[in-house]
Amino acid sequence: MKLTNFIFILLIGVGVSNWISSANFNQDEYYVGAVVDYAPVDFNYQEFNKTTAQLYMLENLENYSDFTKEAKKNGGQIVVFSEYGICGTWSLINTRDDFYNFLEVIPDPTKEKVIACNNPIFSDRPIFSRLSCIAKENSIYLAVDYGDLQYCDPKIDGNCPEDGRYQFNAELVFSPDGLLVAKYYKSHLFEEASFADYPPSVEPIYVDTDFGVRFGMFICFDIMWKQPQTDLIEKYGVENILYSTEWINNNIVPAVQIQQSWSKVNGLNILASNSGSSKNESGSGIYSNGEILTYTINSSDDPKSTLLISKIPKHPKQAKTNILKQVSKKITLNNIKNQENFENNIKRIESDSISQHIDDSILTRTFITNNPRFAGIYNFTAIPFQLVPDKKQSIQAIHNNLTCTFTFNSPSNKKQLMALVAYDGILQNNPQEEKIKVQICSTFICSGEDDESCSTIAFNSDIKLSSFILHGTFGDGYQYYPLLNVVPFDNVGNYDKSANTLSANNIENYEFIGASFFNPFWGSLKNLTFPETLSSYVTLEQILIYQKRFHWKLKVWICNDSSFFGSLSSSCSIICLFLLFYL
């Protein structure tokens, strides 16, 4: 399937053609960035091997080329593509051998300067070469997520996998002349350990562009972790982030809401590119100091790719971004040059209507679900409740040491089943991967009449609130991500970390879908991370993961903490003693 076979949408900041060419476009203050909410093409080959994998990736790169040309034509200086956009999402990758079919050896840009485009040395690496050419042909910075293959010898390298190769999820950045200028390895895997490797260390990577902007980068689940983002911001002064992701939407932490929240909490710019495969995996945007410059969501079950372009302030904390309102243009590839109409106030949220028939017999109660749409958490407390029109309500949910309270007023004349979720525990994913402690307070509308409908993602709502306050008794050491999901998507929430509250007033003109705190633990290693993580989920594999990633910190603390050491099983205690000598 080629790009011409489906609609692609261009969402552009106000008067693109005007402010690119106008003298009012101060290049010392702004640059033009683009992201693509990208839906990979279908894999239509009978066999799956390295040859067909290359042919498939080249199909995706033809689409990348078309989007990059369009970004450049509209003044773009840098364009970002989604995680697994080239390889086609996880559907084709289950084992290390599967991932290997897609990989090429990517040079280290810190050790050698290479332009692979039309370079016979790289004829055995057609994907790497084509990416270099896309950047060079369009004279634009190109940021993509791809894989990196590095061979190793297990006899020499103790960390080398048994198959003799490292396989990394990598972000690559090419300069306008096709030069590879940055390579970053995803530091925190999510459901990838069966085919991808952790890098030997968490390395902050950044690139300085010729238009005066330093970009840092991280990938998907990295956004929840303290590093490398803290070093990028505090040590290297990064104010602009390139972010490739394949984010799975859910009611607690939807894609565009976590992107906007990250920008708001840090006061920085983030150029976020997600998959456009379906409503389950979509949502991209460009944000500056919490302001939404442009965004898109594919809320259908069909694949759809969307290009977003915006003028972006180089220094977000010094700029007035609220003047950069959006308009949108819907076009096909065949009529790009002829399409001149800009459509104002396009409603981008589309989904099946939500049933409003509520059985009055449903009472407020706690339910447990293992539905994976709940952001990788299990055995949490969820309180379904009925929204009662024209009445102030206060709902509370408690889980472990966390109490969540949602207080609100609604002028809506309809009843609606909603839920309040509290979770104080470990974010669960692959048992071979790192764990992270989180505290979550989240409220949202349910898509139907029964409790299980509360685990179905909602994209629109008939419910309006006049005001609300979401409060949690969060512990020390957590990084707060407050998220507000309203239609139209807007920066209308008020976040007060000192009071542990997210609130909003006078929001009757917005459709309310949900509000959340999604707070990963970033505090002291000794105070929380290892006791609450390893004592609950400790296995040989997990201890060795932490040993490899945290080295001496694991040795110094775990095996010298008598209370924690005593909580381990006997086999783990033996491992702990082994680590004292092994590290």
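Refer to the structure presented above.
Residues numbered from 1 in each chain as written. Predicted model: local features only at pLDDT ≥ 70, side-chain atom pairs only at ≥ 80, totals over all residues. Heavy atoms only, no water.

Draft legend 1. Focus on the nonpolar core. Of all hydrophobic cores here, the largest spans 66 residues; its most connected members are Phe215, Ile223, Met224, Trp247, Leu271 and Phe518. Element by element, the count of residues in this core is highest for strand E18 (residues 416–427), at five residues. Of all hydrophobic cores here, the second largest spans 51 residues; its members include Tyr84, Leu131, Leu142 and Ile309. (Core = buried A, V, L, I, M, F, W, Y, C linked by side-chain atoms within 4.5 Å. Buried < 20%, exposed > 50% of the residue type's maximum accessible area, 1.4 Å probe, protein only. Helix = DSSP H or I, 4+ residues; strand = E, 2+ residues; numbered from the N terminus.)

Draft legend 2. Focus on unusual backbone geometry. In this structure, Pro228 follows Gln227 across a cis peptide bond, with omega equal to 15°. Mapping Pro228 onto the fold places it in the loop between strand E8 (214–219) and helix H5 (229–234). Here the bond from Val487 into Pro488 is cis, since omega is 0°, no more than 30 degrees from zero. Its location among the elements puts Pro488 in the loop between strand E21 (482–487) and strand E22 (494–496). The phi torsion at Ser139 lies on the positive side, around 50°, for a residue other than glycine. Summarising the element assignment, Ser139 is placed in the loop between helix H4 (126–138) and strand E4 (141–151). In the Ramachandran plot, Asn289 falls in the positive-phi region, its phi being about 50° despite a non-glycine side chain. Tracing the sequence through the fold places Asn289 in the loop between strand E11 (284–288) and strand E12 (291–296).

Draft legend 3. The state of the cysteines, seen in detail. Applying the stated criterion to the full structure yields four disulfides. For Cys446, the disulfide goes to Cys454, at an S-S distance of 1.9 Å. Disulfide Cys446-Cys454: the torsion about the S-S bond is 90°, which places it as right-handed. Note on Cys454: relative accessible area 0%, which makes it buried. (Disulfide = S-S within 2.5 Å.)

Draft legend 4. View of the sheet that holds strand E20 (residues 467–472). Overall, antiparallel pairing links the five strands, which are arranged E16-E17-E20-E23-E22 in an open sheet. In this open sheet, the two strands that pair with only one neighbour each are strand E16 (393–399) and E22. Taken pair by pair, the neighbouring strands of this sheet meet at an average axis angle of 15°, ignoring direction. For strand E17 (residues 402–409) and E20, the ladder comprises six bridges, and the chain directions are antiparallel. By the bridge assignment for E20, Phe406 is matched with Leu470. (Pairing = 2+ DSSP bridges. Axes fitted to C-alpha atoms, helices over the stretch in contact; angles between N-to-C directions.)

Draft legend 5. Focus on H4. The first and last C-alpha atoms of H4 sit 18 Å apart over 13 residues, in line with the 18 Å expected at 1.5 Å per residue. Counting buried positions along H4 yields ten of 13 residues, so the element is predominantly enclosed. Buried residues along H4 sit in contact with helix H2 (50–73), E4, strand E5 (165–174) and strand E6 (180–185). (Expected span 1.5 Å × (residues − 1). Contact = heavy atoms within 4.5 Å.)

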